[in-house]
Amino acid sequence: MAFDSTLSWVFALAVCAFVAAQHETINQNCSIQADQLAATLKQRAGECAENLSLSSEESASLLLSVLKLKDSLHIQQLKECQGAQPRECPEANVPRNGGLVCVTAASRRYCKPMCNYGFDFAFIRRSRLYDECSQQTKYEWDSQYIGGRTLAVCSEARLQVSGAKTAYFPENQNCLTAKSSSQQQSDILDTFIDELRDRGVHAEHRHACLVCGE
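Here the residue numbers are simple positions, counted from 1 along each chain's written sequence. Per-residue local features are limited, in this predicted model, to residues with pLDDT of at least 70; the limit for side-chain atom pairs, both in listing and counting, is 80 or more; totals at the level of whole chains, interfaces and linings are taken over all residues. By convention in this description, side-chain values take in all heavy atoms of the structure and omit both hydrogens and water.

## Thoughts on the overall build of the protein chain
Our working rule: Helix and strand assignments follow DSSP, with helices taken as H or I runs no shorter than four residues and strands as E runs no shorter than two, numbered in order from the N terminus. To sort residues, take the accessible area from a 1.4 Å probe on protein chains only and compare it with the maximum for the residue type: under 20% means buried, over 50% means exposed, and anything in between is partly exposed. Two residues qualify as a contact provided that any one of their heavy atoms is within 4.5 Å of a heavy atom in the partner residue.
Across its full length, the protein chain carries six helices and six strands. Listed by position from the N terminus, the elements making up the protein chain come as α-α-α-α-β-β-β-β-β-α-α-β. Each of the 214 residues in the protein chain was classed as buried or not, and the buried ones make up 41%. Put simply, of all contacts in the protein chain between residues at least 6 apart along the chain, 68% involve residues at least 24 apart.

See below:
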């Protein structure tokens, strides 16, 4: 899943914090600044983990805390697409093993489902790049999944053939890794805006966002 790598990083950080409370020397190694988080974890996670000595209850408690943090972080990033115009539109479901890139133009909300590498759309949507919600659709998503907020389902697949080329994250990148890079996220948003313009949507684009599923 898209959040598996995040869980690994957060778990490593939790391990460092747990060990730091018991070992002063390890505390120095595990003390980090936010802008050094990734680099420090790569260097110190293994060292901190080697110093763990947990009972089964402590292991379960630590894992439970990490899972709760993972869920909280997931909910937090979903908020970036909430409250966009038109407000009458229900919030679209973000596909698991993929993401949604959305923008508003001329009082219409457009969302483009994307699948991670190794996953493909359950329905053919090569010519269906995005879904729309607006007054013209009676503020419902004109999805292949009638009457709901599901726009697409990303199922495990060896080949990715059901969607347009830009509807997939590349092999070395999933939704979350793309979102963690401001440049990659900007490229995805710009690509979608260009695709909308190619289809005659030239109004000012607002409330652009990229959100990731689990």
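Having seen the structure, we can now continue with the description.
## Some points on the confidence of the model for the protein chain
This is how it is decided: Confidence scores per residue from the predictor, reported as pLDDT, run from 0 to 100.
When pLDDT is averaged along the protein chain, the result is 82, and 76% of the positions lie at 70 or above. Confidence, read as mean pLDDT per element, is least for helix H2 (residues 24-30) in the protein chain (47) and greatest for strand S2 (residues 108-115) (98). Residue range residues 1-7 is modelled with pLDDT below 50. Its contacts to residues more than four positions away, or to other chains, number 18 contacts. Segment residues 18-27 is flagged for pLDDT under 50; beyond a separation of four residues in sequence, or across chains, it makes 12 contacts in the model.

## A few points about helix H4 (residues 56-78)
Note the cut-off: Here the expected span of a helix is defined as 1.5 Å times the quantity of residues minus one.
Over its 23 residues, H4 runs 33 Å from end to end, which matches the ideal 33 Å to within 8%, given 1.5 Å per residue. Turning to H4, its buried residues are Leu62, Val66, Lys70, His74, Gln77 and Leu78.

## A word on the pattern of salt bridges
The test is simple: We define a salt bridge as a contact between a side-chain nitrogen of Lys or Arg and a carboxyl oxygen of Asp or Glu at a distance within 4 Å.
With the rule as written, the count across this model stands at seven salt bridges. A salt bridge links Arg128 to Asp131; its shortest N-O distance comes to 3.0 Å. One network of salt bridges, in which partners are shared, links Arg125, Arg128 and Asp131.

## Side note on the state of the cysteines
Stated formally: Criterion for a disulfide: a pair of cysteine sulfur atoms within 2.5 Å.
Enumeration over the complete set of coordinates arrives at five disulfides. Across a sulfur-sulfur distance of 1.7 Å, Cys81 and Cys209 are joined as a disulfide pair. For the disulfide bridge between Cys81 and Cys209, the dihedral angle about the S-S bond is near 100°, and by the sign convention the bridge is right-handed. In this pair, Cys81 is assigned in the loop between H4 and strand S1 (98-105) and Cys209 in strand S6 (residues 205-212), connecting sequence segments 128 residues apart. The residue that forms a disulfide with Cys89 is Cys133, at a sulfur-sulfur distance of 2.1 Å. Here Cys89 and Cys133 share a disulfide; its torsion about the S-S bond, -105°, makes the bridge left-handed. In this pair, Cys89 sits in the loop between H4 and S1 while Cys133 sits in strand S4 (residues 131-133), placing the two residues 44 residues apart along the sequence.

## Description of the sheet that holds S2
The condition that has to hold: Strand pairing is defined by DSSP finding a minimum of two bridges between the two strands. The angle between two axes is taken between their N-to-C directions and runs from 0 to 180 degrees, where each axis is a line fitted to C-alpha atoms and a helix contributes only its stretch in contact.
Sheet architecture is open: four strands sit in the order S4-S2-S1-S6, paired in antiparallel fashion. At either end of the open sheet lies a strand with only one pairing partner, and these are S4 and S6. Looking at each pair of strands side by side, their axes are set apart by 20° on average, direction ignored. Sheet analysis places S1 next to S2, joined by eight bridges and oriented antiparallel. Residue Thr104 lies in a different strand from S2, and its bridge partner there is Arg109. Contacts from helix H6 (residues 182-198) reach S1, S2 and S6, with the element oriented near 130° to S6.

## Digging into the pairing of S1
With respect to burial, S1 is a largely interior element, eight of its eight residues being buried. Every second residue of S1 is oriented toward a common face, with Gly98, Leu100, Cys102 and Thr104 on one face and Gly99, Val101, Val103 and Ala105 on the other, all of them buried. Two successive antiparallel strands, S1 and S2, enclose a turn made up of two residues, where Ala106 displays a positive phi of approximately 55°. Bridge count for S1 against S6 is six bridges, and the pairing is antiparallel. Residue pairing in the sheet places Gly99 in a bridge with Cys212 of S6.

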